[in-house]
Amino acid sequence: MGETLRVGEVLRYASAKDPTEPVIDEFPNFHFVTDAPGHKKALLESGINGMAKVSAGGRQRRPAILIRSSPWKAGSEQTPWHDVFDMDNGHVRYFGDHKAGLSKPPGTTTGNAALLDAFTEHQAPTAEARAAAAPLLLFRAVSRLGKVKGFVEFCGLGVIERAERVVQWAGHEHTTFTNYVYDIALIDLTDEDDRVDWDWITARRNPAVSDQEALAKAPRAWRDWVKRGHAALPRVRRRVALARVMKVRDQRPESGSRQDDDLQFVYRQFDGRKHDFEAVASVVAARVLRGSGHSYREGWITRRSGDGGADFVGRIDLGTGLAGTSLVVLGQAKCIRTDSLVSAEQIARVVARLRRGWIGVYVTTGAFSQPAQLEMVEDQYPIVLINGLDLARELRSMARDDHGNDLSACLNHIVYAQGVPITSRRPEEILLE
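Here goes a summary of the coordinates provided. Small disclaimer: the values here were computed from a predicted structure and weren't measured.

## Brief notes about the environment of Phe-368
Point 1. Summarising the element assignment, Phe-368 is placed in strand β20 (residues 367-368).
Point 2. Sequence spacing of Phe-368 and Leu-341 is 27 residues, and the spatial spacing of their C-alpha atoms is 5.4 Å.
Point 3. Excluding its chain neighbours within four sequence positions, the residues that come into contact with Phe-368 are Val-248, Gln-251, Leu-341, Val-342, Ile-347, Tyr-362, Gln-373, Leu-385, Ile-386 and Asn-387.

## Thoughts on the sheet that holds strand β19 (residues 358-364)
Point 1. The 6 strands are arranged β21-β19-β17-β16-β15-β22 in an open sheet whose pairing can be described as mixed. Because the sheet does not close on itself, it has two edges, and the strands there are β21 (383-386) and β22 (422-423).
Point 2. Seen against the sheet, helix α9 (residues 274-291) touches β15 (295-302), β16 (312-318), β17 (325-334), β19, β21 and β22 and runs at an angle of roughly 170° to β15.
Point 3. Its contacts with the sheet put helix α12 (residues 388-402) on β19 and β21, and the angle it makes with β21 is roughly 75°.

## Concerning the pairing of strand β8 (residues 65-69)
Point 1. Summarising burial for β8: 5 of the 5 residues are buried, a large majority.
Point 2. Side chains Ile-65, Ile-67 and Ser-69 of β8 all project onto a buried face; the interleaved residues Leu-66 and Arg-68 project onto the opposite face, where all are buried too.
Point 3. Taken together, the 3 bridges between strand β5 (residues 48-50) and β8 define a ladder with antiparallel strand orientation. Across the sheet, residue Asn-49 finds its bridge partner in β8, namely Leu-66.
Point 4. The pairing of β8 with strand β11 (residues 136-141) spans 5 bridges and is parallel.

The rules we used
Residues numbered from 1 in each chain as written. Predicted model: local features only at pLDDT ≥ 70, side-chain atom pairs only at ≥ 80, totals over all residues. Heavy atoms only, no water. Helix = DSSP H or I, 4+ residues; strand = E, 2+ residues; numbered from the N terminus. Contact = heavy atoms within 4.5 Å. Pairing = 2+ DSSP bridges. Axes fitted to C-alpha atoms, helices over the stretch in contact; angles between N-to-C directions. Buried < 20%, exposed > 50% of the residue type's maximum accessible area, 1.4 Å probe, protein only.

Pasting the structure below:
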């Protein structure tokens, strides 16, 4: 792998365009990262910068289009539009380069012509045609070191979903003019650690390299889009929240493993014994939170009726004295079949009972569905999820540390000897202890 562009990284775009220095003013040098000996420099002089096409395999191929948005210009007479960069959800809305006062048709300006050409390629019905399609590399100007010019942030790799003509209002004469606006889907780069390898673009610039040979250097999600077209976009679109979502299979022990045996044993022991499993969940939650470095105090298990939606209560202490505070922890425990899933609605019901300054803990022998996790991340629910695999690991660790590796003895100690109190006290009362 050669030099890479990393999403969110700020690069120095110096006017000298010297490709020999890796770092300028303590920022990666754009011209060093994008340097390709024997080829012209990659530039961001305009908003839309299409690289020159090459003839490869009997067809014309544009290696890439580099797009730069300048937020500090937005709303001016020269740039009346406001580009939208929603990187968390993989969407960019970018306006073309037609301006008030130009007599030529809006689709014939240099930038619009390049993007409309790319749009046609991105809508191609075959994988063979899409393999030649120009990738969009998106940047936006950012201020650094007190300067509004000379720095750009790499925002990702994109394909055009839609292009439409719009009427805008601007210019010294305050007249209307027609332009194009493009809806661009940002492609997921998780498998590449949010990076684009510049060797891919260099390969696309080489007429001796076929479309398929160049495609082999592309990010995985881009290759998936080339294979399946826009039908793949819901799966390959960049979504930051997805990076924090764990696949269901990764929340379950491997079939036939020691952890699988342990989890099945726990389920058989506590299926139909709600309060006893709540005691286990309370102890495991305490162990997980303390293992993360928190000062956690176990409270009590709630009574069967009137529990207010919580199965157990605890408290996290942060800081000391006037520099400290405490958070109420509401716990939910669900002993369900190990192949079952906890839904988004079930998690939402717990979150609905949280007050300001409270957090939740959900402990289950099952797994959390991906939609449930995604909703939790996107809505920023203050809740900790402990799945069946984590539960089995913690209980086996407790058994090994304190009970001669006897899981049954460990569980009996939690339920009968440890004696987590059962009470109908209100959760906020734990702040008084």
